[in-house]
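# A look at the structure
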Amino acid sequence: MKYYLIAGEASGDLHASHLMQSLSNEDAQAEFRFFGGDMMAAVGGTLVKHYRELAYMGFVPVLLHLPTILRNMKMCKQDIREWKPDVVILVDYPGFNLSIAKFVKAEGICPVHYYISPKIWAWKEYRIKNIKRDVDELFSILPFEVDFFEGKHHFPIHYVGNPTASEVKAFLENAATGNDDFLNRNKLSATKPMIAILCGSRRQEIKDNLPAMLQAAALYLDNYQIVVAGAPGIDHDYYAQFIKDYPVKVLTQGQTYQLLYNAHAALVTSGTATLETALFRVPQVVCYETPLPRLIGYLRKKVLKVKYISLVNLVANDEVVKELVADRFTVGNIRRELSAVLDGPARKRMLEGYDRVASLLGNLQAPDEAARLIYKSVSV
């Protein structure tokens, strides 16, 4: 069968590539055509447009690139119409993908399946109307979404497991084998404990978060190695302007899991990194600087529909990790919370919370489960 996938950023490229591999295992005749990235291209099929030409986030960047976005959307719709796939599979990226879903459904081209459901429980809940109208099957990687979609909005959803949990588990099965090489390659000590800093994947995030994270962690340089996880596409020179005279290491991209495997504690910006850190059982402090912190702190309570921003706390429905966001983001607060998780009862409580999170995520292999359900639905 013919599968058309759309992923609009790096994380979507990763998850979609695994889904494509699982679909190939289910369907020996699978053909792929997609908007995505290098990881999807490595599985096979035709890359129509790279996500680098799609990934604009924030009001101003979207406004500035609106003509390009609209051209890409028009191209995508025309390509789907001409290729006539058996199913369109959308991967997160709701601003673009919900428009495509509306088009495919209106044209009656094929079923629309949505892998990694839009996070409308956080904001833009009104999008549930579009989902109900335009999406045939919805797949979730977060267990609490089942109650939101089915309990609150009476729309069926499949929880297929969490791919991050599967990826971390797979890494841990062989992590010890290459650990000496990782330490030697990066000139890291095997005996001095590490504090990991995961300061985001975008330049603005790094600029906003890293200086305060470094200042807070610097107090512990005598007893700990401070190691920064390098993000894809960000060169060392960009980090250097913030690191200055701090004796810390910046790892090249692709080594975050090895770093977390060795870390004693971590400072982490919000996002999937918080869940990865929890699954590696590394006590953490979630840090996220925002402009106009007092205003954002106030608006967060009024606009967001959820109590927490980190996936760890959202999954647990409890404050497992401390979230220092907006007006709570200060060097003093970061330093105090980091000190608490280096040793003592707060560290023990956090690790117990991590066990609850892992249990709630379960052991399903998300891409395999989703591929099985997609193939079963479409091949009828």
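Above this note sits the structure.
Residues numbered from 1 in each chain as written. Predicted model: local features only at pLDDT ≥ 70, side-chain atom pairs only at ≥ 80, totals over all residues. Heavy atoms only, no water.

### Considerations on the overall build of the chain
In plain terms, the rule: Here a helix means four or more residues in a row that DSSP labels H or I, a strand means two or more in a row labelled E, and each is numbered from the N terminus. C-alpha atoms define the radius of gyration, and 2.2 Å times the number of residues to the power 0.38 defines the globule rule. Exposed residues in this analysis have more than 50% of their type's maximum accessible area, buried residues have under 20%, and partly exposed residues fall in between, with area computed by a 1.4 Å probe over protein chains only. Any two residues whose heavy atoms approach within 4.5 Å are treated as being in contact.
Counting its secondary structure elements, the chain contains 18 helices and 13 strands. Rg of the C-alpha trace for the chain: 21 Å, near the compact-globule value of 21 Å for 380 residues, within the 12% margin. The principal-axis extents of the C-alpha atoms in the chain amount to approximately 65 × 50 × 40 Å. Across the 380 residues in the chain, those meeting the buried criterion constitute 51%. For the chain, the proportion of contacts with a sequence separation of at least 24, taken over those separated by at least 6, is 66%.

### Some words on the pattern of salt bridges
Our working rule: Salt bridges, as used here, are contacts in which a Lys or Arg side-chain nitrogen is within 4 Å of a carboxyl oxygen on Asp or Glu.
If you walk through the whole model with that rule in mind, you get 14 salt bridges. For the salt bridge of Lys152 with Glu125, the shortest nitrogen-to-oxygen distance reads 2.8 Å. Taken as a pair, Lys152 in helix α7 (residues 145–152) and Glu125 in the loop between β5 (112–115) and α6 (128–134) lie far apart in primary sequence, 27 residues in all. Of the charged contacts, one joins Glu337 and Arg336 as a salt bridge, the two residues approaching to 3.9 Å between their closest N and O atoms.

### Some remarks on the nonpolar core
Our working definition: Only buried residues count toward a nonpolar core. Its members are Ala, Val, Leu, Ile, Met, Phe, Trp, Tyr and Cys residues joined through side-chain atoms within 4.5 Å.
Core analysis: the largest hydrophobic core is formed by 126 residues, its most contacted members being Leu5, Tyr115, Ile197, Tyr239 and Leu338. Looking at this core, the element that brings in the most residues is helix α10 (residues 203–217), giving seven residues. Excluding residues that lie within four positions of it along the chain, Leu338 makes contacts with Ile195, Ala217, Tyr220, Ala265, Leu267 and Val285.

### Remarks on the environment of Val228
Positionally, Val228 belongs in strand β9 (residues 225–229). Classification of Val228 by relative accessible area gives buried; the value is 0%. The sequence separation of Val228 and Lys249 amounts to 21 residues, and the corresponding C-alpha distance is 6.1 Å.

### Quick look at the sheet that holds strand β8 (residues 194–198)
Operational definition: Strands are labelled as partners when DSSP assigns at least two bridges between them. Axes, fitted as lines to C-alpha atoms, cover a helix only where it is in contact. Angles between the N-to-C directions of the axes lie from 0 to 180 degrees.
With parallel pairing, six strands are arranged side by side in an open sheet as β10-β9-β8-β11-β12-β13. The open sheet terminates on both sides in strands that have one partner only, identified here as β10 (249–251) and β13 (322–325). Ignoring strand direction, the axes of neighbouring strands in this sheet form an average angle of 25°. Sheet strands touched by α10: β8, β9, β11 (263–268) and β12 (284–288). Its angle to β8, the strand with the most contacts, is close to 160°.

### Focus on the sheet that holds strand β4 (residues 87–91)
Backbone hydrogen bonds hold the strands of a sheet together, and the pairing may be parallel or antiparallel. A sheet is described by the order of its strands in space; here seven strands give the open sequence β3-β2-β1-β4-β5-β6-β7, paired in parallel fashion. Only two strands of the sheet have a single neighbouring strand rather than two, namely β3 (46–50) and β7 (158–159). With three bridges joining them, β5 and strand β6 (residues 137–140) adopt parallel strand pairing. By the bridge assignment for β6, His113 is matched with Glu137.

### Description of the pairing of β3
Consecutive side chains of a regular strand alternate in pointing toward one face of the sheet and then the other. For clarity, the threshold we go by: When the strands point away from the viewer and the connection leading from the first strand across the helix to the second strand turns clockwise, the crossover is called right-handed.
Alignment of strand β2 (residues 31–36) against β3, held across four bridges, turns out to be parallel. By the bridge assignment, Gly36 is partnered in β3 with His50. A crossover connection joins β2 to the parallel β3 through helix α2 (residues 38–43); in handedness this β-α-β unit is right-handed.

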